[in-house]
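Summary of structural features
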Amino acid sequence: MMKAARLHAIGDFRVDEVSIPQPQGKQLLMRIGACGICGSDIPRVFELGTSKQKYPLVLGHEFGGEIVKVGNQADLALVGKHGAIFPCIPCRFCPPCLSGNYAMCLDYDYLGSRSDGGFAEYCLIPSSWHFVESHNVQTTDEALSMVEPCTVAQHAVRRGDLRAGYSVLIFGAGPIGIMAARWAHIFGAGTIALVDVVEDKISFAKQHGQICLHGGKEDVNAAFRALNQGRPADIVIEGTGTQAALNQAIDCVRTFGTIVMLGNPHKDTTIQLGCHSSILRKELNLVGVWNSHYFDLPINEWVYTVKMIDEKKMMVEDLVTHRCGIDELPQLFDDIYEKKVSICKALYSAEVGR
Ligand SMILES: [Zn+2]
Ligand SMILES: [Zn+2]
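All values reported here derive from a predicted model rather than from experimental measurement.

Once that is clear, we can look at the overall build of the protein. From N to C terminus, the protein includes 11 helices and 18 strands. Relative to the 2.2 N^0.38 estimate, which gives 20 Å for 354 residues, the radius of gyration of the protein is 20 Å and therefore close to what a compact globule would have. With the principal axes as the frame, the protein shows a C-alpha extent of 60 × 45 × 35 Å. Counting the 354 residues in the protein, one finds 55% classified as buried. Taking as baseline every contact in the protein between residues at least 6 positions apart, the subset at least 24 positions apart corresponds to 71%. Accessible surface, the protein: about 15,900 Å² in total, of which carbon and sulfur atoms supply 52%. Across the protein, 33 positive and 39 negative side-chain charges occur, with their mean positions spaced 4 Å apart.

Structural data, given as structure tokens:
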């Protein structure tokens, strides 16, 4: 038997004793080392439920761990390997799938939101195709659990078509914003700054090596130019999904610049008249971001994230502010939902309470 944190209904998230799944055929069994709490998990538990209202369901889609068992058609050599899991289970037949754009699949399954995921001691993985192996024994499972959000951050920077020396302004100083800033640095950006309106996030970002402006107290456009030899930003990554930030992003970007729309919106967005005109007047590029790219052409962004973490060129673990064992997970969800704790990244770690 194993423990698994399952959603039984909206608001009913608890730890159950269930049997350990057994891998068949091409399936792998992963012992979960760590599984991150995604921003999307909080409304999933308290407001929305699972995407197909399927219950009970083990949540958690940001996880890493060790392969401990494989089905009879899977490679036995995978046993003992650590890695991250690409949680999307695409149909493989729709046009996006046939062109290698699995994250855009029209009919997908998903570990942790549609099928059982990583908030458990073990998780069944459909096949080795989902497994992104780490090649450094020093890379921890906690770091591997950060691969999913870290790859989303990388994808946003790639979508911005960052060139060496370009300046980047990022709205939203949560874990993805900070990791986007780190990718921008790796990709050769010049001035890089974050913006937030929450004091705790601003001070956390500053303590973790970033320049972070206060969107409520500072004139962001002027403050960024002061950092950037008087120039507006070449690329703005909008990571909050709010109308205030989108309008500021339009204001802060240069002529022919790019705005990367990364943050999920939760209500209607109004673009102010002057900003709407600026999109035309500055001939801006507005690009959307949806997840990440998991295919070798042009590059598998997941494999690249793990490689950069393995080589210690991308740092992720220092962003973990809260970790708990499986039994404490429902309580941590409550505390986050009720805003009793201020988190950067919170995760379930099998190490805690073991
Ligand atoms: Zn996520
Ligand atoms: Zn598909």
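Past the structure itself, the notes keep going.
Pairing is parallel in the open sheet, where 6 strands are placed in the order E13-E12-E11-E14-E15-E16. Strands at the two margins of the open sheet, each flanked by one partner only, are strand E13 (212–214) and strand E16 (285–288). Neighbour to neighbour, the strand axes of the sheet diverge by 20 degrees on average, direction disregarded. Here strand E12 (residues 192–196) pairs with E13 via 3 bridges, running parallel.

This next bit is on the pattern of salt bridges. All told, the structure shown has 18 salt bridges when counted by the stated rule. The salt bridge involving Asp 12 is made with Arg 14; its shortest N-O contact spans 2.9 Å. Among the salt bridges present, the one from Lys 81 reaches Glu 133, with a minimum N-O distance of 3.9 Å. Of this pair, Lys 81 sits in the loop between strand E5 (62–70) and strand E6 (82–85) while Glu 133 sits in strand E10 (residues 131–133), and the two are 52 residues apart along the sequence. Among the residues examined, Lys 81 registers a relative accessible area of 30% and is labelled partly exposed. Overlapping salt bridges bring together Arg 6, Asp 12, Arg 14 and Asp 16 as one network.

Of the protein atoms, only Cys 38 (SG), His 61 (NE2) and Glu 62 (OE) coordinate the zinc ion (ligand 1), at distances of 2.3 to 2.4 Å. Positions of the donor residues of the zinc ion (ligand 1) along the chain correspond to the pattern C-x22-H-E. One end of the pair, Cys 38, is in the loop between strand E3 (28–36) and helix H1 (41–48); the other, His 61, is in the loop between strand E4 (57–58) and E5, with 23 residues separating them in the sequence. The residues Cys 38 and His 61 share a single accessibility class, namely buried.

Another point: the coordination of the zinc ion (ligand 2). Coordination sphere of the zinc ion (ligand 2), protein contribution only: Cys 91 (SG), Cys 94 (SG), Cys 97 (SG) and Cys 105 (SG), at 2.3 to 2.4 Å. Each of the 4 donor atoms around the zinc ion (ligand 2) contributes to a set of angles spanning 103 to 120 degrees, which defines the coordination as tetrahedral. Sequence spacing of the donors to the zinc ion (ligand 2): C-x2-C-x2-C-x7-C. Residue classification places Cys 91 among the partly exposed positions, given a relative accessible area of 22%. Residue classification places Cys 97 among the buried positions, given a relative accessible area of 3%.

The full count for this structure, using the stated rule, is 13 aromatic pairs. Ring centres of Tyr 102 and Phe 295 lie 6.1 Å apart, and the angle between their planes is 75 degrees; on these two criteria the pair is classed as edge-to-face. With Tyr 102 in the loop between helix H2 (95–98) and strand E8 (109–110) and Phe 295 in the loop between E16 and helix H10 (301–310), the pair connects residues that are 193 residues apart, well separated along the chain. Among the residues examined, Tyr 102 registers a relative accessible area of 10% and is labelled buried. For Phe 295, a relative accessible area of 30% puts it in the partly exposed group. A centroid spacing of 6.0 Å and a plane angle of 85 degrees characterise the contact between Tyr 294 and Trp 302, whose relative ring orientation is edge-to-face.

Along helix H6 (residues 199–207), the residues that are buried comprise Ile 202, Phe 204 and Ala 205. Within H6, the buried residues cover an arc of 165 degrees as seen down the axis, which keeps them to one side. Following H6 by one or two positions, Gly 209 has its phi on the positive side, about 85 degrees.

The contact between helix H4 (residues 147–159) and helix H5 (residues 175–186) brings their axes to 8 Å, and the two run at 55 degrees. If you check the angle between H4 and H5, you find them oblique. Crossing of H4 over H5 shows right-handed handedness. Within the contact between the two elements, H4 uses Pro 149, Cys 150, Val 152, Ala 153, Gln 154 and Val 157 and H5 uses Ile 176, Met 179, Ala 180, Trp 183 and Ala 184.

Note: strand E17 (residues 320–324) against strand E18 (residues 345–349), 4 bridges, orientation parallel. Bridged to Arg 323 within E18 is Leu 347.

About the criteria used
- Starting from 1, residues in each chain are numbered consecutively following that chain's sequence as written.
- To label them, take the chains in the order written and letter them from A, then take the ligands in the order written and number them from 1.
- pLDDT decides what is reported in this predicted model: residues at 70 or higher carry local features, side-chain atom pairs at 80 or more are listed and counted, and totals for whole chains, interfaces and linings draw on all residues regardless.
- The side-chain figures draw on all heavy atoms in the structure; neither hydrogens nor water molecules are used.
- Secondary structure counts use DSSP, requiring at least four H or I residues in a row for a helix and at least two E residues in a row for a strand, with both numbered from the N terminus.
- The globule rule is 2.2 Å times the number of residues to the power 0.38, and the radius of gyration it is compared with is taken over C-alpha atoms.
- When accessible area is computed with a 1.4 Å probe and restricted to protein chains, residues below 20% of their type maximum are described as buried, those above 50% as exposed, and intermediate ones as partly exposed.
- Throughout, a residue-residue contact means that at least one pair of heavy atoms, one from each residue, lies within 4.5 Å.
- All accessible-area figures derive from a Shrake-Rupley calculation using a 1.4 Å probe, and residue coverage is judged against the displayed protein chains alone.
- The charge count treats Lys and Arg as positive and Asp and Glu as negative. His and the chain ends do not count.
- By convention, the point assigned to a charge is CZ for Arg, NZ for Lys, CD for Glu and CG for Asp.
- Each pair of strands is called paired provided DSSP finds at least two bridges between the two strands.
- All axes are obtained by fitting lines to C-alpha atoms, using only the stretch in contact for helices, and the reported angles, taken between N-to-C directions, cover 0 to 180 degrees.
- Definition used for salt bridges: Asp or Glu carboxyl oxygen within 4 Å of a side-chain nitrogen of Lys or Arg.
- Counted as donors are the N, O and S atoms within 2.8 Å of the metal, or 3.2 Å for Na, K and Ca, while water is not among the atoms, so some sites may look incomplete.
- Under the classification used here, a metal with four donors is tetrahedral if each angle lies between 85 and 135 degrees, square planar if opposite donors are over 155 degrees apart and the others between 65 and 115, a six-donor metal meeting that same test is octahedral, and anything else is irregular.
- Two rings belonging to Phe, Tyr or Trp (six-membered ring only in the last case) form a pair when the distance between their centres is within 6.5 Å. Interplanar angles under 30 degrees mark stacking, angles over 60 mark edge-to-face geometry, and anything in between is tilted.
- Note that the arc is defined by the directions from the helix axis to the C-beta atoms.
- Orientation is classified from the angle alone, with under 35 degrees giving roughly parallel, over 145 giving roughly antiparallel, 65 to 115 giving roughly perpendicular, and any other angle giving oblique.
- Crossings are sorted by hand: turned counterclockwise from the far helix by less than a right angle, the near helix makes the crossing left-handed, and turned clockwise it makes it right-handed.

As far as function goes, none of this settles anything; it's purely spatial.
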